[in-house]
Amino acid sequence: MEKSQNYTNTTKASVAKEALDKKYFSKGLNIGIQSGIYYGLYTALVTTATVYGIWKFWYSGEAGLSEMTLAFILGTLATGINDLTSAIWALGNSLLKGKFGDFIKTIKTKPGLIMIFAAIVGGPIAGVTYILAVQMGGPVVIPIAGLNVAIGAILGRIILKQELSARMIAGIVICLIASLLIGATSLTGEIKDGMLLGIILALIAAFGWGLEGVIAGFGTSMIDSEIGIAIRQSTSALSNLLIVLPILALIEGTGIGLIGSLFTKAITDPTILLLFASGFFTFISFNFWYKGNSMCGAALGMACNGTYAFWGPFFCWIILGVILKNPGYEIAPIAWIASILMAIGIFIMSVNPLDYFKRGKN
């Protein structure tokens, strides 16, 4: 009788644990999907900022800036300022929630160092190449950067030995096909001069984010995701503004005086308000991305975040096309179909469709 009672209690505990695991997984899935939406908003806002105000003057050629400055320095500057505003949001959040002391302590720990490494991979490397890719190739390259989903899934399997079932692989493949369909729609129009370089840079960004997602997902399983994103954005901003930009300036030949001048003009231009807005959504997006990855694994978390392949062009169309009346940001009908296909891919990864048929029979 006692054994039977123990067995019953064990069964109840197992069922309760399974229910909690499913709830935790579903919450992680929801967070991951939101990260993709917010990343799309960040992309649209930072793109909008760099086509107006002082940025428009710089890119018009009237300022007499060198080709290297136009091709690399301005994009890196935009990324650095965006990450700086994002770091301000992240640090402000930690102060309001009484976590700033934990932020300082965590930097010195092994998980903190892991987050710093993830920030270097995803900020100066992936973040800069992404902004440059969008500026050179247009919104068409956004889905190419979305290949970080597949790269992250593969790296998660290799590095962290995370489960990657046949169903999850099928869902990832569907998401990738959807991303490529969205990108292919833009190739029917006029091809920009920097398209090829933009695609190459988007691929570099994809690898950087794939690696970052795996590292950060592991890191935030040991530390608070809000502290993790504060470390990430602070590291990325400082690396871009104090290391990458001076190096580019020295290569360009004008010295760091140019960087100081451009930075001062950028942060005093009205477009800084847009960059503060984009920084806010960057803070939220990366926070949710890291948290989602730690809750449901790198493969699924990055697949959910990868929906920015649709949300990026979508919000560019809404803000730059519909609201600000700029031509060339329309979304073709096939892109809408591809977005539905992407949703199907995420659904297949998150749940087993056969379970619904079984319930129907019961």
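Draft legend 1. Representation of helix α5 (residues 110-137) within the structure. For α5, with 28 residues, the first-to-last C-alpha span of 38 Å sits near the 40 Å given by 1.5 Å per residue. A bend of about 35° at Ala 126 is the largest found in α5. Most of α5 is tucked away: 21 of the 28 residues are buried. Just beyond α5, the residue with positive phi is Gly 138, at close to 85°.

Draft legend 2. Here's a closer look at the packing of aromatic side chains. Evaluated as defined, the whole model comprises twelve aromatic pairs. Centre to centre, the rings of Tyr 38 and Phe 288 are 5.8 Å apart; their planes meet at 70°, and the pair counts as edge-to-face. Of this pair, Tyr 38 sits in helix α1 (residues 2-49) while Phe 288 sits in helix α12 (residues 272-296); the two residues are 250 residues apart in sequence, bridging distant segments of the chain. When the ring of Phe 100 is compared with that of Phe 103, the centres are 5.6 Å apart and the planes differ by 35°; the resulting orientation is tilted. A residue pair is termed a helical-turn pair when its members lie 3 or 4 positions apart in one helix, as Phe 100 and Phe 103 do in helix α4 (residues 100-107) at three residues.

Draft legend 3. How the structure looks around the pattern of salt bridges. Following the criterion strictly, the structure yields three salt bridges and no others. Salt-bridge contacts for Asp 224 lead to Lys 99; the nearest nitrogen and oxygen are separated by 2.7 Å. Taken together, the residues span a long stretch of sequence, with Asp 224 in the loop between α9 (195-219) and α10 (225-252) and Lys 99 in the loop between α3 (67-96) and α4 at a distance of 125 residues. A residue is classified by how much of its surface remains accessible, and Asp 224, at 30% relative accessible area, is partly exposed. Accessibility expressed as a relative area gives 18% for Lys 99, which makes it buried.

Rules behind the numbers
Residues numbered from 1 in each chain as written. Predicted model: local features only at pLDDT ≥ 70, side-chain atom pairs only at ≥ 80, totals over all residues. Heavy atoms only, no water. Helix = DSSP H or I, 4+ residues; strand = E, 2+ residues; numbered from the N terminus. Expected span 1.5 Å × (residues − 1). Bend = angle between axes of the 7 residues up to and from the residue. Buried < 20%, exposed > 50% of the residue type's maximum accessible area, 1.4 Å probe, protein only. Phe/Tyr/Trp six-rings, centres within 6.5 Å; stacked < 30°, edge-to-face > 60°. Salt bridge = Lys/Arg side-chain N within 4 Å of Asp/Glu carboxyl O.

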